[in-house]
Amino acid sequence: MSISPVKKKAIEELSAAFKDNRASLFVGAGISAISGLPSWKELLAELIKELKGHPGVQRGLVSDAKTLLNDRSKWLTLAQLLRNELDKSFNEFIESRFTDNGVKPNAIHDLIVELPWRAIVTTNYDRLIERTFAKRFGDEGDIPVLTYSDPGGVASNYRRGEKFILKAHGDAKMRPEAIVLTEKDYRQLVHKEIGYQAVLQALFTTNSFLFIGASLADPDLRMLLAFLHSAFHGDTATHYALVPKNERLNAEDRVLFKDFSIHVIPIDPSRRKEEVVDFLNEIRKRIGN
């Protein structure tokens, strides 16, 4: 493949970090979306459909929800509305939608499990990464899966140098009622999970992260980045993010680097999957995996 100077530099620096055992991955919803799971906006749209058929819903509420869906800045408010109105049906929908065994891992998941990262942090609720490990390594692929509610387990695995997956927003199979989706959830995460904040600080200050499948404009990731920024006050390792060209501006790139030390690597939006696959393959070749 043709490699731009920006990509080449990022690949070289990340390859060195992987070789030195100081690289990790951040896996966003875009990777699961390739397998057929919903993006953040699509999930909210599906929940609105559930609301439409839910008993006791006030007249006009569905219409209001659709209006909120059209404004990205209102998505966290919309998520709270849907969680409140759907109640137990919300948890049942999340569990069913994200634990569907008919949804299969894709080529990016295959490459993810081959790389020698220290940790995977993901905002995804599904288990596609875990299933890829099981398929590739059998019983030996039984990797620890931890959530924000177990900072001690994360710290313990990290100190021992063992690979693990951190579900930053929870796991649909473990505890669908505890997933992080709304503004209230994020506030509780910031103010109540002090140990979790310390764990994230350790991860992001000592590892170079590669963000894949993450929309840096989505409110869930922006909240997480703000949470991280408050934890390490800008003192962090250098990170990299593969971002579609139509989802970024040069001015935003400068802010992301200044506030979070994230280098944005533009990719072709019409070839998202292929670009991520090519990028990971280049790293794998350079580190000899």
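Note: the structure precedes this text.
The text that follows walks through the structure, step by step, so that each part is easy to find. (Residues numbered from 1 in each chain as written. Predicted model: local features only at pLDDT ≥ 70, side-chain atom pairs only at ≥ 80, totals over all residues. Heavy atoms only, no water.)

This brings us to the pattern of salt bridges. Summed over all chains, the structure comprises 16 salt bridges. For Asp278, the salt bridge identified is with Arg271, shortest N-O distance 3.8 Å. The partly exposed category is assigned to Arg271, whose relative accessible area is 34%. Residues joined in a network through salt bridges with shared partners are Lys7, Arg271, Glu275 and Asp278. (Salt bridge = Lys/Arg side-chain N within 4 Å of Asp/Glu carboxyl O. Buried < 20%, exposed > 50% of the residue type's maximum accessible area, 1.4 Å probe, protein only.)

Turning our attention to the packing of helix α3 (residues 40-52) against helix α4 (residues 61-69). Between α3 and α4, whose axes approach to 10 Å, the crossing angle comes to 175 degrees. By the angle between their axes, α3 is roughly antiparallel relative to α4. Between α3 and α4, the residues in contact are Lys41, Leu44, Ala45, Ile48, Leu51 and Lys52 and Val62, Ala65, Lys66 and Leu69, respectively. In the contact of α3 with α4, the residues fall into seven nonpolar, no polar and three charged. (Axes fitted to C-alpha atoms, helices over the stretch in contact; angles between N-to-C directions. Helix = DSSP H or I, 4+ residues; strand = E, 2+ residues; numbered from the N terminus. Parallel < 35°, antiparallel > 145°, perpendicular 65-115°, else oblique. Contact = heavy atoms within 4.5 Å. Nonpolar A, V, L, I, M, F, W, Y, C, P; charged D, E, K, R; others polar.)

Among the nonpolar cores identified, the biggest contains 60 residues, and Phe26, Leu181, Leu203 and Phe211 are the most heavily contacted of them. Per-element tally for this core: the top contributor is helix α5 (residues 75-86), with seven residues. Contacts of Leu181, omitting those with residues within four sequence positions, involve Trp40, Leu43, Leu47, Leu76, Ala79, Arg83, Phe90, Tyr125 and Tyr186. Of all hydrophobic cores here, the second largest spans 33 residues; its members include Leu14, Ala23, Ile108 and Ile283. (Core = buried A, V, L, I, M, F, W, Y, C linked by side-chain atoms within 4.5 Å.)

This part is about helix α14 (residues 272-287). Under the 1.5 Å per step criterion, the end-to-end length of α14 is 23 Å for 16 residues, consistent within 8% with the ideal 22 Å. Residues of α14 that are buried include every one of Glu275, Val276, Val277, Phe279, Leu280, Glu282, Ile283 and Ile287, and no others. The inward-facing, buried residues of α14 abut α1 (5-19), α7 (107-114), β5 (208-212), β6 (239-244) and β7 (262-267). Following α14 by one or two positions, Gly288 adopts a phi angle in the positive range, close to 80 degrees. (Expected span 1.5 Å × (residues − 1).)

Our next topic: the environment of Ala241. By the secondary structure assignment, Ala241 is in strand β6. Expressed as a C-alpha distance, the spacing of Ala241 and Ser215, which sit 26 residues apart in the sequence, is 9.3 Å. Discounting residues that sit within four places of it in the chain, Ala241 has contacts with Phe211, Leu216, Ile262, His263, Val264 and Ile265.

By the definition in use, this model includes eight aromatic pairs. Summarising the aromatic geometry, the rings of Phe98 and Tyr125 are spaced 5.3 Å apart at their centres and angled 85 degrees between planes, so their arrangement reads as edge-to-face. Pair noted here: Phe98 is in helix α6 (residues 88-98) and Tyr125 is in the loop between β2 (119-122) and α8 (128-137), with a separation of 27 residues, a long-range link. You'll find Phe98 and Tyr125 in the same group, each marked buried. (Phe/Tyr/Trp six-rings, centres within 6.5 Å; stacked < 30°, edge-to-face > 60°.)

What is shown is where atoms sit, not what they do.
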